[in-house]
Amino acid sequence: GGLGTGVLNQTWEYFHPAPATYVTFGSGCAGSGGTPNLSVAPDQLPWLGDSYRVDLTNAGPMTFAALVWGLSNTSTISGPLPLHLDYLGASGCHLFVDPSASEFLFTGLTGTGSVTRTLPDNPAFIGLHIYDQFAVFDAAANTLGLVVSQGGDGTIAAK
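Structural notes, computed from the coordinates.

About the cut-offs
- Residues numbered from 1 in each chain as written.
- Predicted model: local features only at pLDDT ≥ 70, side-chain atom pairs only at ≥ 80, totals over all residues.
- Heavy atoms only, no water.
- Helix = DSSP H or I, 4+ residues; strand = E, 2+ residues; numbered from the N terminus.
- Rg over C-alpha atoms; globule rule 2.2 N^0.38 Å.
- Buried < 20%, exposed > 50% of the residue type's maximum accessible area, 1.4 Å probe, protein only.
- Contact = heavy atoms within 4.5 Å.
- Pairing = 2+ DSSP bridges.
- Axes fitted to C-alpha atoms, helices over the stretch in contact; angles between N-to-C directions.
- Disulfide = S-S within 2.5 Å.
- Core = buried A, V, L, I, M, F, W, Y, C linked by side-chain atoms within 4.5 Å.
- Polar contact = N/O pair within 3.5 Å; in protein donor to acceptor, adjacent residues only side chain to side chain.
- Salt bridge = Lys/Arg side-chain N within 4 Å of Asp/Glu carboxyl O.

### Comments concerning the overall build of the chain
Per the secondary structure count, the chain includes zero helices and 14 strands. Along the chain direction, N to C, the helices and strands of the chain fall in the order β-β-β-β-β-β-β-β-β-β-β-β-β-β. Computed over the C-alpha atoms, the radius of gyration of the chain is 20 Å, more than 25% above the 15 Å expected from 2.2 N^0.38 for a compact globule of 159 residues. Taking the principal axes of its C-alpha atoms as reference, the chain extends roughly 75 × 35 × 25 Å. Residues classed as buried in the chain amount to 42% of the 159 residues present. Restricting to contacts in the chain with at least 6 residues of sequence separation, those with at least 24 account for 70%.

Now the structure itself:
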């Protein structure tokens with residue numbers, strides 16, 4: 001680098017002390033199309049003021065699904081998480097996130113889909129965790145007719 005008074009013999013490197021992150025936790029339960037999988041591409045992380053996309057793979061083709069999400073992965077109005085869904089007829093399935101909100105989608109012919117959300121450009125949201133989980137409707141899977149993906153934990157950060 002340099003200044004108007006001469007050359008500086010320095011190399012500066014930019015790094016972000018608290019980058020946006022997205023990690024998965026828990027495990028989904030298998031349906032007739034396999035176990036639904038939730039993921040976020042590295043270029044789709046939850047940055048303040050940007051949109052980020054949560055992807056669903058390994059669901060049945062042309063299937064109705066929902067991305068449920070909330071601000072907790074430890075409790076919900078129904079009790080502590082994870083919540084075992086065996087009593088509802090979905091043996092081996094667990095709810096990992098507080099389902100405060102949901103967005104619905106249909107999967108494509110390959111059993112994939114995605115939900116894109118735009119985050120507010122407000123510094124008050126820095127460090128906030130958003131917890132996601134896909135629920136996939138699958139009448140052949142179990143008595144409840146529902147299977148779920150693993151959970152996801154997105155931490156919002158500023159660029």
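That was the structure; now back to the text.
### Comments concerning the sheet that holds strand 5 (residues 51-57)
The antiparallel open sheet is built from three strands, whose spatial order is 4-5-12. Where the open sheet ends on each side, the last strands, each with one partner, are strand 4 (37-39) and strand 12 (113-118). Between one strand axis and the next, the sheet turns by 20° as a mean value, whatever way the strands run. Pairing of strand 4 with strand 5, which is carried by three bridges, proceeds in the antiparallel orientation.

### Considerations on the state of the cysteines
By the definition in use, this model includes one disulfide. A disulfide bridge connects Cys 29 with Cys 93, and the sulfur atoms are separated by 1.9 Å. Taking the sign of the torsion about the S-S bond as the criterion, the disulfide between Cys 29 and Cys 93, at about 95°, is right-handed. Of this pair, Cys 29 sits in the loop between strand 3 (21-25) and strand 4 while Cys 93 sits in the loop between strand 9 (83-84) and strand 10 (94-95), and the two are 64 residues apart along the sequence. Accessibility assignment for this pair places Cys 29 and Cys 93 in one class, buried.

### Structural notes on the nonpolar core
The biggest cluster of nonpolar side chains holds 32 residues, and the ones touching the most others in it are Tyr 22, Val 54 and Phe 134. Examining the composition of this core, we find that four residues originate from one element, strand 13 (residues 129-137), more than from any other. Dropping the residues within four chain positions of it, Tyr 22 is found in contact with Leu 38, Val 40, Leu 45, Tyr 52, Val 54, Asp 132, Gly 152, Asp 153 and Gly 154.

### A few points about the environment of His 94
The topology assignment puts His 94 in strand 10. What makes His 94 buried here is its relative accessible area of 18%. With 67 residues separating them in the primary sequence, His 94 and Ser 27 have C-alpha atoms 8.2 Å apart. Leaving out residues up to four positions away in the same chain, His 94 has contacts with Pro 82, Leu 83, His 84, Leu 85, Gln 133 and Val 148. A polar contact is formed between the side chain of His 94 and the side chain of His 84, at a distance of 2.7 Å.

### Looking at the pattern of salt bridges
As a working rule, side chains carrying opposite charge can pair if their charged atoms are close by. Summed over all chains, the structure comprises three salt bridges. A salt bridge links Asp 50 to Lys 159; the nearest nitrogen and oxygen atoms lie 2.9 Å apart. Placement of Asp 50 in the loop between strand 4 and strand 5 and of Lys 159 in the segment after strand 14 (146-155) is noted, with a sequence separation of 109 residues between them. Judged by its relative accessible area of 27%, Asp 50 is partly exposed. For Arg 117, the salt bridge identified is with Asp 132, shortest N-O distance 2.7 Å.

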